[in-house]
Amino acid sequence: MDYKEYTIKKIAEITELSQEAVSSIVEIPPEQKLGDLAFPCFILAKTLRKAPPIIAKELSEKFSGDTYIERAEAVGGYLNFFYNRAQFTKDIVEEVLEKGENYGKSQIGENKTVLVEYSSPNIAKPFHIGHLFSTAVGHSLSRIYKQLGYKVESLNHLGDWGTQFGKLICAYKKWGDSEVIAKDPINELLKIYVKFHEEAEANPALEDEAREYFKKLESGDEEATGLWQHFRDLSLVEFKRVYDMLGVSFDSYAGESFYTDKMPEVVDILREKNLLEESNGAQVVDLSELNEPPCIILKSDGATIYATRDIAAALYRHRTYDFHKNIYVVGTPQALHFKQIFAVMNKAGWEFAKDCVHVNFGLVKFPDKKLSTRHGDVVFLEDVLNESVNKTLEIIKENSPSIENPEEVSQKIGIGAILYTFLKNSREKDIVFSWDSMLDFEGESAPYVQYSYARGKSILRRSNITARDADFSLVTTDEEYALVSQLNGFLDAVKDAAEKNEPFYVNRYVTNLARQFNKFYNNCPILKDDVDENVKKARLALVEASCHVIKSALYLLGIDTVESM
Ligand code: ARG
């Protein structure tokens with residue numbers, strides 16, 4: 001039963017407006033005591049030539065209560081609808097209990113494919129905190145779209161091509177020690193790469209050598225290709241270790257290299273459409289009509305660049321997946337790049353350009369210097385994850401010394417705490433990393449939400465009655481009702497998150513749900529001896545339903561729950 005829909009229908013009947021019109025203006029009142037849904041009457045003031053409070057009053061007289069809506073009250077210029085609490089609670093809680101983890105799903109995305117490209121680190125370079133931000137947002141978005149019935153393909157557009165591989169091969173041939181590299185591949189490859197730059201300053205001939213190696217790589221030379229493949233394999237093993245910690249996996253790892261043989265076609269298409277022009281020897285697409293700098297397609301030496309590979313990738317994705325949306329979860333510093341390539345695709349007349357979206361995000365700042373090992377200005381991601389898990393372990397050992405599996409629990413909480421931090425605010429905001437707030441079990445944090453879940457599960461374990469067939473007219477206090485209202489809002493939060501590509505709607509939702517749950521828990525005794533058996537049963541049903549929804553919502557953020565902590 002969709003109470004909002006139902007109420008909209010009723011409002012449409014008494015106002016003679018269309019359901020769409022009503023739907024676009026109804027509001028959720030700011031306070032529960034003002035009702036569940038409000039209709040702002042000023043919208044009718046012009047046509048009816050009456051003041052909104054008078055309209056509200058007249059409409060309230062036209063409406064008589066029914067099974068689902070107890071009453072409608074005029075307050076100022078608003079007509080406020082109050083659901084029948086007992087009926088509402090019964091309908092929502094029973095639906096959650098029946099559907100369990102399938103509650104809050106929808107089929108609106110049926111037969112549509114959404115591509116979510118995220119993480120996309122660079123081979124032989126560290127997986128840095130910005131890639132983690134992308135991973136948190138992208139992984140969450142993939143789950144959010146799946147929840148709405150879309151077919152989701154998660155893509156990791158690895159940075160595995162470019163002239164830097166010529167330098168790396170050159171450096172490896174000069175100073176590489178395969179044994180040392182095998183032990184700590186990314187750090188060691190980074191070291192020789194840095195050494196290359198240092199040496200090349202004194203000896204520019206190295207640059208020429210590197211260019212030769214890249215040419216060899218491009219033409220499929222066996223040795224160069226073998227080394228490149230080796231670097232790629234080594235890096236992927238490291239990346240996958242991080243992905244495993246996060247529970248992330250990809251449907252495709254087709255990185256930049258995958259598109260090398262697909263670029264000539266793009267260049268041909270752009271040339272045929274007369275979009276290419278020469279500029280200082282390079283071939284570019286002019287974007288001055290958009291006030292953007294030109295997009296370089298071919299460098300003066302004929303080599304393609306990052307943008308060319310992205311344009312080829314978009315065309316490939318269109319042909320392969322016929323996507324409804326092609327989402328790129330990449331930091332704000334690349335905003336211009338995406339504007340440019342989307343504009344080029346538009347100029348090429350590719351319809352699907354409008355379905356390509358750059359989902360950008362802000363910077364990560366570390367005010368606490370002791371936070372983590374810093375190598376240059378790169379914060380190593382694995383260090384951050386491990387540090388979070390270790391700090392959690394300390395807290396857990398102190399707070400719950402008798403817990404059976406402290407390592408496993410700390411893993412889930414420590415990683416959850418980091419993911420939550422990335423998804424806590426609108427993604428364009430910069431993030432300031434603070435262990436104190438991240439691991440504050442009482443604040444706005446993953447541990448707080450996870451703890452609420454564990455608390456619910458502990459109640460359910462300690463009770464020995466099943467929560468089925470409860471009498472929900474016994475659980476209609478404000479705290480109980482607010483909790484059920486919140487449960488009912490799950491799908492709306494998921495839809496908002498997808499519409500704006502903002503997982504934080506789900507994050508805010510689940511945090512509020514945990515808050516309501518704790519208020520309910522503090523105000524409504526459940527297992528105390530003097531609680532009536534029927535009340536106990538109905539309250540247990542609320543607990544069970546809350547646990548289901550907290551778990552599902554956290555899942556959408558990529559965060560695991562623990563049964564006790
Ligand atoms: N590898 C790039 C980087 O680390 C991100 C790739 C973004 N995706 C894309 N299709 N350009 O900055």
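Refer to the structure presented above.
Here we summarise the structure given alongside this text.

Cut-offs applied
Sequence order sets the numbering: in each chain, residues are counted from 1 along the sequence as written. Given that this is a predicted model, residues contribute local features only at a pLDDT of at least 70 and side-chain atom pairs are listed and counted only at 80 or more, while totals for whole chains, interfaces and linings are drawn from all residues. The side-chain values count all of the structure's non-hydrogen atoms but skip hydrogen atoms and water molecules. We call a residue near a given molecule or strand whenever any one of its heavy atoms falls within 4 Å of it. Whenever a nitrogen or oxygen atom comes within 3.5 Å of another N or O atom, the pair is scored as a polar contact, on the condition that within protein one atom can donate a hydrogen and the other can accept it, and that pairs from neighbouring residues in sequence are kept only if both atoms are in side chains. In this classification, Asp, Glu, Lys and Arg are treated as charged, Ala, Val, Leu, Ile, Met, Phe, Trp, Tyr, Cys and Pro as nonpolar, and every other residue, Gly included, as polar. The pairing criterion is simple: DSSP has to find at least two bridges between the two strands. Secondary structure elements are taken from DSSP: a helix is a run of H or I of four residues or more, a strand is a run of E of two residues or more, and numbering for both begins at the N terminus. Orientation is described by lines fitted to C-alpha atoms, with helices fitted over the stretch in contact, and by angles between N-to-C directions that extend from 0 to 180 degrees. By definition in these notes, contact holds between two residues if any of their heavy atoms fall within 4.5 Å. Convention used here: angles under 35 degrees read as roughly parallel, angles over 145 as roughly antiparallel, angles from 65 to 115 as roughly perpendicular, and any remaining angle as oblique. Note: crossing handedness is left-handed where the near helix turns anticlockwise from the far helix by less than a right angle, and right-handed where it turns clockwise.

Looking now at the site of the ligand. The full set of residues close to the ligand is Glu-117, Ser-120, Asn-122, His-131, His-157, Tyr-306, Asp-310, Tyr-328, Val-330, Gln-334 and Phe-338. In the model, a nitrogen atom of the ligand is placed 2.6 Å from a nitrogen or oxygen of the Asn-122 side chain. Between a nitrogen atom of the ligand and a side-chain N or O atom of Tyr-306, the distance comes to 2.7 Å. Here the residues of the shell around the ligand are counted per class, giving 4 nonpolar, 5 polar and 2 charged.

In any sheet, the strands associate via hydrogen bonds between backbone groups, in a parallel or an antiparallel arrangement. Reading across from one edge, S5-S4-S9-S10 is the order of the 4 strands in this open sheet, with parallel pairing throughout. Looking along the sheet, the strands with just one partner apiece sit at the ends: strand S5 (151–155) and strand S10 (356–359). The sheet shows a mean angle of 20 degrees between the axes of neighbouring strands, direction not considered. Sheet topology places strand S4 (residues 113–117) next to strand S9 (residues 325–329); 4 bridges connect them, and they run parallel. If you follow Leu-115 over to S9, its bridge partner there is Asn-326. Packing against the sheet, helix H6 (residues 129–147) makes contact with S4, S5, S9 and S10, and its axis sits at approximately 155 degrees to S9.

Look at helix H5 (residues 85–99) against helix H19 (residues 478–488): their axes get within 10 Å of each other, and the N-to-C directions meet at 45 degrees. One finds that H5 runs oblique with respect to H19. Read as a crossing pair, H5 and H19 show a hand that is left-handed. Contact residues: Arg-85, Phe-88, Thr-89, Ile-92 and Val-93 in H5; Asp-478, Tyr-481, Val-484, Ser-485, Leu-487 and Asn-488 in H19. Grouping the amino acids of the contact of H5 with H19 by side-chain chemistry returns 6 nonpolar, 3 polar and 2 charged.

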